[in-house]
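Chain by chain, the residues run as shown.
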Amino acid sequence: MICSIVNTSEVPAHIERYTKLQAEFQLELTMIRMNLEHLLQRYHKELEVVMQDSRQDVLLSLDAFEATAISNAQQLYQRVQQLQQRQ
């Protein structure tokens with residue numbers, strides 16, 4: 001979505017704003033991915049058990065980075081939704 005705005009806009013201020021926003025999103029996504037990968041690796045065995053049998057539900061405790069990643073993912077989703085509503 002942001003790429004198409006940057007590619008079709010003719011207003012330099014809009015191009016600059018959305019280019020920066022795109023870079024921010026990419027950085028945020030990278031950080032979220034790294035922390036979620038860590039979570040999935042740390043709880044790999046527990047998640048495998050749940051995937052085999054959903055009755056074997058497990059409560060995972062998140063470290064600070066993993067909790068931040070989930071919170072950031074939620075915030076990023078909300079920001080994207082707001083951007084889409086403005087278009």
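Quick look at the structure, then. Quick caveat: nothing in here was measured; it's all calculated off a predicted structure. Residue positions are counted from 1 within each chain, in the order its sequence is given. Predicted model: local features are reported for residues with pLDDT of at least 70 only, side-chain atom pairs are reported and counted for 80 or more only, and whole-chain, interface and lining totals are derived from all residues. Only hydrogens and water are removed before side-chain values are computed, so all heavy atoms of the structure are retained for them.

Turning next to the nonpolar core. Here the nonpolar core consists of buried residues drawn from Ala, Val, Leu, Ile, Met, Phe, Trp, Tyr and Cys, with membership extended through side-chain atoms lying within 4.5 Å. We call a residue buried when its accessible area falls under 20% of the maximum for its residue type, exposed when it is over 50%, and partly exposed in between, using a 1.4 Å probe and counting protein chains only. With 6 residues, the main nonpolar core is built from Y18, L21, F25, I32, L76 and L83. Those elements that place two or more of their residues in this core are α2 (12-42) and α4 (64-86). For this core, the element with the most residues is α2, which contributes 4 residues. A run of DSSP states H or I qualifies as a helix once it reaches four residues; a run of E qualifies as a strand once it reaches two. Both are numbered from the N-terminal end.

As a rule, the C-alpha atoms of each element are fitted with a line to give its axis, helices using only the stretch in contact, and angles between N-to-C directions run from 0 to 180 degrees. At a minimum axis distance of 5 Å, the contact between α2 and helix α3 (residues 44-52) shows a crossing angle of 75°. Judged by the inter-axis angle, α2 sits roughly perpendicular to α3. Residue-level contacts link L40, Q41 and R42 of α2 to H44, E46 and L47 of α3. Roughly parallel refers to an angle under 35 degrees, roughly antiparallel to one over 145, roughly perpendicular to one between 65 and 115, and oblique to any angle outside these ranges. The criterion used for residue contact is that any of the two residues' heavy atoms lie within 4.5 Å.

Here the focus is the pattern of salt bridges. What makes a salt bridge here is a side-chain nitrogen of Lys or Arg within 4 Å of a carboxyl oxygen of Asp or Glu, nothing more. This structure, assessed with the given rule, holds 4 salt bridges. A salt bridge links K20 to E16; the nearest nitrogen and oxygen atoms lie 3.3 Å apart. One end of the pair, K20, and the other, E16, are both in helix α2, 4 residues apart, so they sit about a helical turn from each other. Judged by relative accessible area, which is 46%, E16 ranks as partly exposed.

On to the side chain of N35, then. Turning to its location among the elements, N35 is positioned in helix α2. Within the structure, N35 has its side chain in polar contact with the backbone oxygen of M31 (distance 3.1 Å). Filtering out sequence-adjacent residues up to four positions away, N35 remains in contact with F65, E66 and A69. In the analysis that follows, any N or O atom pair within 3.5 Å is treated as a polar contact, provided that within protein one partner can donate a hydrogen and the other can accept it, and provided that, for residues neighboring in sequence, both atoms belong to side chains.

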